[in-house]
Amino acid sequence: MISMSHHPILEVKNLSHVFPNGTMGVHHVNLQVYKGEFIIIAGANGSGKTALIRHLNGLLKPTTGDVLMAGISISSNLIEARKKIGLIFQDSDSQFVGQTVYEEVAFGPENLNLPQAEVAQIVDEVLEVVRLSAVANQSPHTLSGGQKRKLAVAGVLAMKPEIIMFDEPFTGLDYPGVVQVLQQLVALHQAGSTIILVTHELEKVLAHANRLIVMNQGQLVADGRPEDVIKTVEKHAVRMPLQQGERIESLTWLK
């Protein structure tokens, strides 16, 4: 297990968000994230979990409250915040802008005006990490579902973020795709990344997380060790993982 510092790298302070139609998306949420954590955020549809993580790198602006990184409001420098806090969307295709896998990963570093040689080195390293070097010259849209999700991860990794957030990373994937993405998640965490993962498929990742957060109607209603919080999830409309004898042990997928 990765050791965690005593000082949060990310803080959510009394955060609320009211959408233009008057719906309360997030309601008075307080949250601290520490370096090296693997956090799952669970909740029923409409519970506010996606709205919450979109505040964490400034895609949504709070109605009230604030998000701080290293004690500084992310609103003071959104570009820097988005470099340090990467978000992989549920629909990977919506993120792709490059004509090839290589160009897709190069897009972020090139926008930082890095020297071309440095960009090439970053792209080569990142493609190796996510095991997509062999398809570097293919169009992103020709990849399998699992490969597309890994390419989305690669595009974020190229920015060298401190925190990587995933919004429902297993949606629409077949079994091999789920295994690919799960292996990537675990490898990133073991390499030192702080992971925040939104999912309703707890059985796939619960064994790898050190913290489980539950949201209900825009509020943070449970937060703690997965083995403690899991006992309460059903009362917040979150499906319990399958019984031990029936569920697929996620750890066995990594052997």
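To be clear, the structure that these remarks concern was listed above.
Values in this document were obtained by computation on a predicted structure and should not be read as measured data.

Definitions and limits used
- Residues numbered from 1 in each chain as written.
- Predicted model: local features only at pLDDT ≥ 70, side-chain atom pairs only at ≥ 80, totals over all residues.
- Heavy atoms only, no water.
- Pairing = 2+ DSSP bridges.
- Helix = DSSP H or I, 4+ residues; strand = E, 2+ residues; numbered from the N terminus.
- Axes fitted to C-alpha atoms, helices over the stretch in contact; angles between N-to-C directions.
- 1 Å grid on protein atoms, 1.4 Å probe; cavity = no way out; pocket = protein on both sides within 12 Å on 5 of 7 lines; lining within 4 Å.
- Points joined across faces, edges and corners; volume = space filled by probe spheres on them.
- Nonpolar A, V, L, I, M, F, W, Y, C, P; charged D, E, K, R; others polar.

Regarding the sheet that holds strand β10 (residues 219–224)
With mixed pairing, the six strands of this open sheet are ordered in space as β6-β7-β8-β3-β9-β10. The open sheet terminates on both sides in strands that have one partner only, identified here as β6 (85–88) and β10. For this sheet the average axis-to-axis angle between neighbouring strands, irrespective of direction, equals 20°. Sheet topology note: the strand β9 (residues 211–216)/β10 ladder contains five bridges and is antiparallel. Across the sheet, the residue bridging to Ile-213 is Asp-223, located in β10.

Brief notes about the sheet that holds strand β4 (residues 64–69)
Strand order in this open sheet of four strands is β2-β1-β4-β5, and the pairing throughout is antiparallel. The two strands at the open ends of the sheet, each matched to only one other strand, are β2 (24–33) and β5 (72–73). Summarising the sheet, β4 and β5 pair through two bridges and their orientation is antiparallel. When the sheet's bridge partners are listed, Met-69 is paired in β5 with Ile-72.

Side note on the layout of surface pockets
Taken as a whole, the largest pocket encloses approximately 610 Å³ of empty space. Taken together, 24 residues make up the lining of the largest pocket; nearest its centre are Arg-82, Gln-95, Gly-155, Val-156 and Met-159. For the lining of the largest pocket, the secondary structure elements donating two or more residues are α2 (78–84), β6, α3 (101–111) and α5 (145–157). Of the residues assigned to the lining of the largest pocket, the class counts are 15 nonpolar, six polar and three charged.

Some words on empty space enclosed by the protein
This model, assessed by the stated rule, comprises one cavity of 30 Å³ or more. If you trace the largest cavity, you find it lined by Arg-149, Lys-150, Val-153, Phe-166, Pro-169, Val-181 and Gln-184. Contributions of two or more residues to the lining of the largest cavity are made by α5 and α6 (175–190). If you tally residues by element for the lining of the largest cavity, the top one is α5, at three residues.

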